[in-house]
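Coordinates in review
These are the residues of each chain, in order.
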Protein chains: 2
Amino acid sequence: MKILLIGFGSVGRRLSAILAGDPARFPWLSRLRPSVVGIVTRAHGSAADPEGIDLARVLLPGGFPGQASVPMTAREAVGSLEYDVLVELSTLSIADRGEPAVSHVRAALTRKRHAVTANKGPAAFAHAELAGLARSSGVRFLFESAVMDGAPVFAMARASLKGCTVTGISGILNSTTNFILSQMEEGLSPEEALRRAQQEGFAEADPRLDLEGWDPAVKLSVLSTVLMGIPLPAESIQREGITHVTCESVRKAREAGTRLKLVCRAWREGGGARGRVGVEEVSSDNPFATVRGSASALRLETDLMGPITIMQENPTVTDTAYGVLNDLLTIAG
Amino acid sequence: MKILLIGFGSVGRRLSAILAGDPARFPWLSRLRPSVVGIVTRAHGSAADPEGIDLARVLLPGGFPGQASVPMTAREAVGSLEYDVLVELSTLSIADRGEPAVSHVRAALTRKRHAVTANKGPAAFAHAELAGLARSSGVRFLFESAVMDGAPVFAMARASLKGCTVTGISGILNSTTNFILSQMEEGLSPEEALRRAQQEGFAEADPRLDLEGWDPAVKLSVLSTVLMGIPLPAESIQREGITHVTCESVRKAREAGTRLKLVCRAWREGGGARGRVGVEEVSSDNPFATVRGSASALRLETDLMGPITIMQENPTVTDTAYGVLNDLLTIAG
C-alpha cells in the first residue's frame, strides 16, 4: 500500500514508527506492505520517493526531510504523486471550515485514491460531499481517529450497528476540559490546570477550541452526521465551554457527591437532529462520573440494542496513530 | 436469506418478530429478505416451509407450529432442509460440553451453510474446529450474542482491533450474579435476590451456572480464545461464584466506599492464557463500580490502543435477538 502523508507531527511520526516496525511484532505488516511515497509538512519541508521513503532514517532527530527532500506543497503532492491512500494529519481549522484538509481529501478521492484523516474537519464540514465522492469513486473515506482517537467508534458502528438506528448520542469527548475539571477537583486553579494539560501535550494548539467547547461540538457534529445519518452543523449546536466554571462550583458538586463534566448530547427532533455541549452535574452512579483526566466516553442509544457506552482511558499519541492504522487495515481488507 | 431456526423460545420469537417487521421501520429488511424455512423446538413441535413460514401466524398465541407443522428433529432439519444460515438458539449445556449445539453448527458448516448462534457452547468448546471448518467451507461461524448479547464485542473486535494484540481482558459478564449483588446492597437476602432475578427472566435455567461462576467462566473462555487467540478451556479457569458472599460482607464493602463484583480476568502468561472468575472489591472510581443490576462491562487491554471498556445497560431479550440479527447482516455483507 502506497501512502502519502500530509503532516509529520507527533501522530505522523508515531504512525511511521509503527509502519517501520518489526513484522514479527506486527503480523499485519506482511499483509499491508506499507510504503510511504511522500511526506509533506507545512513548515518543515517535504520528501518523496516512489520506491518508499526510508522511515527509520527520517525518524532520526534532524533526519527529515533528509536525502529524500523534494520541495512541494501538499496540494501538489495530493494531485500528482502516485499513492493508494492519502493520510491527512493536518490541524483542524474551524475558522477555515476544515480547510485545507477538506480540499486535500476531495482531491485524493477525485483521483480515486482512498483518504484517511485524523482531522475532524473533513467529516464535520463536508461529510455528505466526500462520502458521496468516495462512493462514486469506489474508494474509502475513513476518519476513525476524529473522535476518541483509535477507540472503537466508526468501525464499530459499521460492524455492530448494522441493524439498528441510533436515536441518541451523549459523551465526554474533550480530553482537555475533562482533564482541567478533574484537576480543579484536586484543587488546581483553571489556569494551572490548563497549563498542565498543555505540558502533557493533549490540549489543542488554540486553547479556545477546547475551553469554549468547539472541539467537542465538532466531534458531536461528526457523530450525529455519521451515526444518526442526520447532518448537525457544529455552528447549530448549543454550545457552552468551561470558562465559567469556578473552583467553588467544582467543590460544591463534589460535596453533593456529583462531578461537573462537559457533556455532549445529540438527539432526534422533528425529522432533524439537535445538539448541545454543556456543563452537567453527573451523579456518582453514572459511568460518566468515572471518566477522569484525559479519558473519554461515548454513550449510544438505539432502537433495538443498548444503550451501550464506550470508554477510553487517558490516550496517548499512539492511540491516534492506531486509529489511522486501523483505517489503513480496513482499506487493505 | 433462508434461515433455519433451532429453538423458538423468547430470543427466537423476538428475532422472528423483528424479521417479520415493517420494512419502513427496518430498512435493512429489503436487503436481507429473510425467509424462515424451518423452526425446530425440543418439546413444542417443529415447522417447515421451503417458501418461508408465515411468522406473523406462528407468533400468535398457540400459533406454533400450526399449519406448517412438520415433525422432525433438529438434527434432521440441519442435515436436510435447504437453508443459507442456521440460527442455533438452544440452551447451553456445560455438562454436555456444548452439545447438541456443537453438532448442529458442525453439520451446517459441513454442508457449507453459515452458522449463527447465541449459545456460548460452540465457541467455548469447539472454536478451533468450527472456525477452521467455516474457513474451509467458505462460510461464517458467528456468535455475537454469546457474550453481552448484542452489545459490540466480536464484530467490534473484527472491525476495530485489526492492528493490535489483546493482552488482557476483564469484565463483569454475568447479569444474574451482578443483579443479586446489587440487590443485596439494597438489603435483600441472597435467596430473595435470586428469586427476583428469576422473576425478571434473565437467570440461567440452572441457577448454579450463574451462582457458581460457570456462565462467566464460559464467556471468558470464548473471549480469550477469540480476542487473544489463545484457547482457555472453561475448566482451567480459577473459578469462584458468589455463594459465599453474605449480606454482611456486601454491607462492609459499601461502608468502605467500594462494591463487591464478580469480576472475570484473562491474561497472557508463558505463551498461554490464564483466567480467573472471582469476587473483587471494586473502588468507586472504577467504571466497574457503576455496573449495576443486570448490566455488563468488558475492558480490553491491547499493545497499541486503549484500554477500552464497553458497557451494556440492563439488556432485554431484544438485545440478544439483535446480536443474532447483526450476525445475519454481517453474512449478508
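As a convention, each chain's residues are numbered from 1 in the sequence order in which they are written. Lettering for chains starts from A, numbering for ligands starts from 1, and both go in the order in which the items are written. Under the rules for a predicted model, residues below a pLDDT of 70 receive no local features and side-chain atom pairs below 80 are neither given nor counted, while totals for whole chains, interfaces and linings still include all residues. No hydrogens and no water enter the side-chain calculation; it runs on all heavy atoms of the structure.

**A word on the interface of chain B and chain A**
Taken residue by residue, the interface counts 40 residues in chain B and 40 residues in chain A. Two parts placed together each lose some accessible area; with a 1.4 Å probe, that loss summed over both constitutes the buried area. Buried area between chain B and chain A, both sides added, is near 3,400 Å², and the carbon and sulfur share of it is 57%. Salt bridges are identified by distance alone: a Lys or Arg side-chain nitrogen within 4 Å of an Asp or Glu carboxyl oxygen. Between chain B and chain A we count four salt bridges in total. A salt bridge links Glu-313 of chain B to Arg-299 of chain A, with the nearest nitrogen and oxygen atoms 2.7 Å apart. We define a polar contact as two N or O atoms separated by no more than 3.5 Å, with the added condition that, inside protein, one atom must be a possible hydrogen donor and the other a possible acceptor, whereas residues neighbouring each other in sequence contribute only through side-chain atom pairs. In this assembly, chain B and chain A are joined by 22 residue pairs in polar contact (both at pLDDT 80 or more). Helix numbering and strand numbering both begin at the N terminus, where a helix is a DSSP run of H or I of at least 4 residues and a strand a DSSP run of E of at least 2. Elements with a contribution of two residues or more to the side of chain B that touches chain A: helix H7 (154–160), strand S12 (308–312) and helix H13 (317–332) of chain B. Considering every element that reaches the side of chain B that touches chain A, the biggest residue donor is H13 of chain B, with seven residues. In terms of residue class, the side of chain B that touches chain A is made up of 20 nonpolar, twelve polar and eight charged. Here, strands pair whenever DSSP counts at least two bridges between them. Of the strand pairs in this sheet, strand S12 (residues 308–312) of chain A and S12 of chain B are connected by five bridges, and their pairing is antiparallel. Two residues form a contact once any of their heavy atoms are found within 4.5 Å. Throughout this entry, Asp, Glu, Lys and Arg are counted as charged residues, while Ala, Val, Leu, Ile, Met, Phe, Trp, Tyr, Cys and Pro are counted as nonpolar. The remaining residues, Gly among them, count as polar.

**Comments concerning the pairing of strand S2 (residues 35–40) of chain A**
Consecutive side chains of a regular strand alternate in pointing toward one face of the sheet and then the other. Residues and elements named next belong to chain A. With six of its six residues buried, S2 lies for the most part within the structure. Direction of pairing for strand S1 (residues 2–6) relative to S2: parallel, over a ladder of five bridges. Following the sheet pairing, Ile-3 is matched in S2 by Val-36. Where S2 meets strand S3 (residues 46–48), three bridges bridge the pair, whose relative direction is antiparallel. Within S3, the residue paired with Ile-39 across the bridge is Ala-47. The hairpin turn running from S2 into S3, its antiparallel successor, is five residues long, and Gly-45 in that turn takes a positive phi close to 85°. Relative accessibility thresholds used throughout: buried, under 20% of the residue-type maximum; exposed, over 50%; partly exposed, between the two (1.4 Å probe, protein chains only).

**A few points about the pattern of salt bridges**
In the structure shown here, the tally under the stated rule is 38 salt bridges over all chains. A salt bridge links Arg-106 of chain A to Glu-129 of chain A; its shortest N-O distance comes to 2.5 Å. Residue Arg-106 of chain A is located in helix H5 (residues 101–110), and its partner Glu-129 of chain A is located in helix H6 (residues 121–137); the two are separated by 23 residues in the primary sequence. On the basis of relative accessible area, Arg-106 of chain A is assigned to the partly exposed category, the value being 29%. Arg-299 of chain B serves as the salt-bridge partner of Glu-301 of chain B, at 3.2 Å between the closest nitrogen and oxygen.

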